[in-house]
Amino acid sequence: MTAISGSAAAVTGAASGIGRALALELAARGCDLALADRDEAGLQQVAAEIAKAGTRKVSTHRVDIGEPAQIQQFAQAAIAAHPSLNIVINNAGVALLGAFNEVDQAQMEWLININFWGVVHGTRAFLPHLSLKPEAHIVNVSSIFGIIAPPGQTAYCAAKFAVRGFSESLRHELAVANSPVKLSVVHPGGVLTNIVRNSRTGVGITDNARRAESIDRFDAIAKTTPPVAAQRIIAGIEKNQPRILIGNDAWFMDLLQRFRPATYWAALAKRIGKVEEKGK
């Protein structure tokens, strides 16, 4: 197992949502932190909140996960600030509203560059250091949309399925090499964060009402809070769980696609429709 108390962790996307909740929960459990995000003000707020609650060492780093050089610089700075660093959580991600024909190539590349390549670059930057530790852990955050693929999510699903495939293959490579580094891939269901509110809109979308509808739909379905998601991820780290599903919705959708791998969407769309009606 990878013990939390006495460890040091690097967390991307740490200024809000699941990343922020992870930072607070890890600190509460005795873990030092290197926190990365583009939102410097948000990072400072998280660091100040941790400082009020205890004496953990926290470093903050402004990082654009879409820039490989900045990820490499973050890894170097985080390791310099926390030589014992042995946990890396590649959590940062973005969303994009629109069907395939409403999203242009540049927008797809923007999302995949952050949601997939950001994970790959983060893993590559930290792995040599982690491999020298007696116990270490990488957590790559995919999504339930790395297991199922609903309409309107072509770019997001492409990235999150890629995170899943990359993570599972790398986990097997680490096991074959008898590496001390363990790897978990996380598949959250609906978690109440601002990812949909902060999403970009496809260039082909001219109806501003679509964004409001998307937010309302997400709020009706998303039932898991970021602190609960963080606790589940940390439990998965402690138990070295290879796959971490978050939320009853994620468990249900995972099972459904196993039983109906080619036809799950018809059944799932009906269920989502009923949940939305209940939420109104």
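Preceding this paragraph is the structure being described.
What counts and what doesn't
Residues numbered from 1 in each chain as written. Predicted model: local features only at pLDDT ≥ 70, side-chain atom pairs only at ≥ 80, totals over all residues. Heavy atoms only, no water. Core = buried A, V, L, I, M, F, W, Y, C linked by side-chain atoms within 4.5 Å. Buried < 20%, exposed > 50% of the residue type's maximum accessible area, 1.4 Å probe, protein only. Contact = heavy atoms within 4.5 Å. Helix = DSSP H or I, 4+ residues; strand = E, 2+ residues; numbered from the N terminus. Expected span 1.5 Å × (residues − 1).

**Some words on the nonpolar core**
A10, F74, L85, L111, F126, L130 and V181 are the most contacted members of the largest nonpolar core, which totals 38 residues. Apart from residues lying up to four places away in sequence, F126 is in contact with A10, F74, A75, A78, I79, L85 and V88. Core analysis: the next-biggest nonpolar cluster, separate from the first, contains 30 residues, V11, V46, I87 and I246 among them.

**Remarks on unusual backbone geometry**
Positive phi is not limited to glycine here, since N178 has a value of about 55°. Its location among the elements puts N178 in the loop between helix 6 (154-176) and strand 7 (181-188). Of note in this structure, N240 is not a glycine but carries a positive phi near 55°. Position of N240 among the secondary structure elements: in the loop between helix 8 (226-238) and strand 9 (243-246).

**Section: helix 6**
Helix length check: helix 6 (23 residues) gives 33 Å between terminal C-alpha atoms against 33 Å at 1.5 Å per residue, within 8%. Those residues of helix 6 that sit buried are A155, Y156, C157, A159, K160, V163, S167, L170, R171 and L174. Looking at the buried side of helix 6, the elements it contacts are strand 5 (96-97), helix 4 (105-115), helix 5 (117-130), strand 6 (136-141) and strand 7.

**What to know about the side chain of S142**
Note that S142 resides in the loop between strand 6 and helix 6. Residues in contact with S142, not counting those within four places in the same chain, are K160, V163, R164, V185, V186, H187 and P188.

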